[in-house]
Amino acid sequence: MAGWVDRGNGVVAAVTGLAAELADPVRLTALQLLAAEGPHTMSQLADAIGVTAPRLGNHLARLRARDLVTVEHTGRHAVYRAAPGLGDVLAVLARYAHATPAPGRVPSPADVAHTCYDHTAGRLGVTVFATLVDRGALTAPDGRGDELSLGPDRTAFTELGVDPAALDPGRRKLATACLDRTHRLPHLGGALGAAVLDAFVASGLVARTDGSRVLAVTAPDRLAALLPGF
């Protein structure tokens, strides 16, 4: 039986080593940002995470050693990218790792739904995003950039009250992945993200709160029917 927990086993050593790299908050956050929002320079990552560039550099070196990120030098800038497919792994881990709230703790309204610029964030935002990807209305982030492509089945958008074909994004991107700071999963930004929020407000599913980014969920049963798991 000891063979099953042999630390010298190649697979065991590789998986536990990977888990150790993901266990650090700075490294995990850097990977989540790169996987969801695409390539960043070191200074962009450092600003987003809130650490110094030298400290981040040490973490990125470890991630490169594990082939979790790649780096490309463009002029004076080093541009970092997440390894292909890593976003799917991180999304699954984030979903399974959600802890059960402590007894008696009620999620705050901001945890449930709030705005990020002009689109929906919080649990509602990440559920919208996951539903659209799962149903083939959007492609999942691939780490090459924050812009997303529409999928082959737009039915989920129609059910949310949005027609992507009728939307004129102007100069902004049609759909982007934006990492949710609280839930550490992507939510939908861009022109489509704004359109979804506008549709929710127009149909009475949520209401804006004056002077606040919090969105009041005014029709939870209807939202739950549209978004299984919400």
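Details of the structure are given in the entry above.
Q: Talk me through the packing of helix α2 (residues 25–37) against helix α3 (residues 42–49); I want residue IDs and the actual numbers.
A: Their axes nearest at 10 Å, the elements α2 and α3 cross at an angle of 115°. Helix-helix and strand crossings are classified by hand; for α2 and α3 the assignment is right-handed. Residue-level inspection shows V26, T29, A30, L33 and L34 of α2 in contact with α3, the latter providing L45, A48 and I49. Split into classes, the residues belonging to the contact of α2 with α3 amount to 7 nonpolar, 1 polar and no charged.

Q: Residue-level account of the pairing of strand β3 (residues 77–82), with values.
A: Strand direction decides the pairing type here: strand β1 (residues 40–41) and β3, joined by 2 bridges, are antiparallel. Along β3, the bridge assignment pairs H40 with Y80. Pairing of strand β2 (residues 69–74) with β3, which is carried by 6 bridges, proceeds in the antiparallel orientation. By the bridge assignment for β3, T74 is matched with H77. Hairpin connection between β2 and β3: a loop of 2 residues separates the two successive antiparallel strands, and G75 in this loop has a positive phi of roughly 65°.

Q: Can you break down the packing of α2 against helix α4 (residues 53–65) residue by residue, with the values?
A: Taken N-terminus to C-terminus, the directions of α2 and α4 make an angle of 75°; their axes are 10 Å apart at the nearest point. As judged from the angle between their axes, α2 and α4 are roughly perpendicular. Residues V26, R27 and L31 of α2 form the contact with α4, whose participating residues are R55, L56, H59, R62 and L63. Grouping the amino acids of the contact of α2 with α4 by side-chain chemistry returns 4 nonpolar, 1 polar and 3 charged.

Conventions used here
Residues numbered from 1 in each chain as written. Predicted model: local features only at pLDDT ≥ 70, side-chain atom pairs only at ≥ 80, totals over all residues. Heavy atoms only, no water. Axes fitted to C-alpha atoms, helices over the stretch in contact; angles between N-to-C directions. Helix = DSSP H or I, 4+ residues; strand = E, 2+ residues; numbered from the N terminus. Left-handed = near helix turned anticlockwise from the far one by under 90°. Contact = heavy atoms within 4.5 Å. Nonpolar A, V, L, I, M, F, W, Y, C, P; charged D, E, K, R; others polar. Pairing = 2+ DSSP bridges. Parallel < 35°, antiparallel > 145°, perpendicular 65-115°, else oblique.

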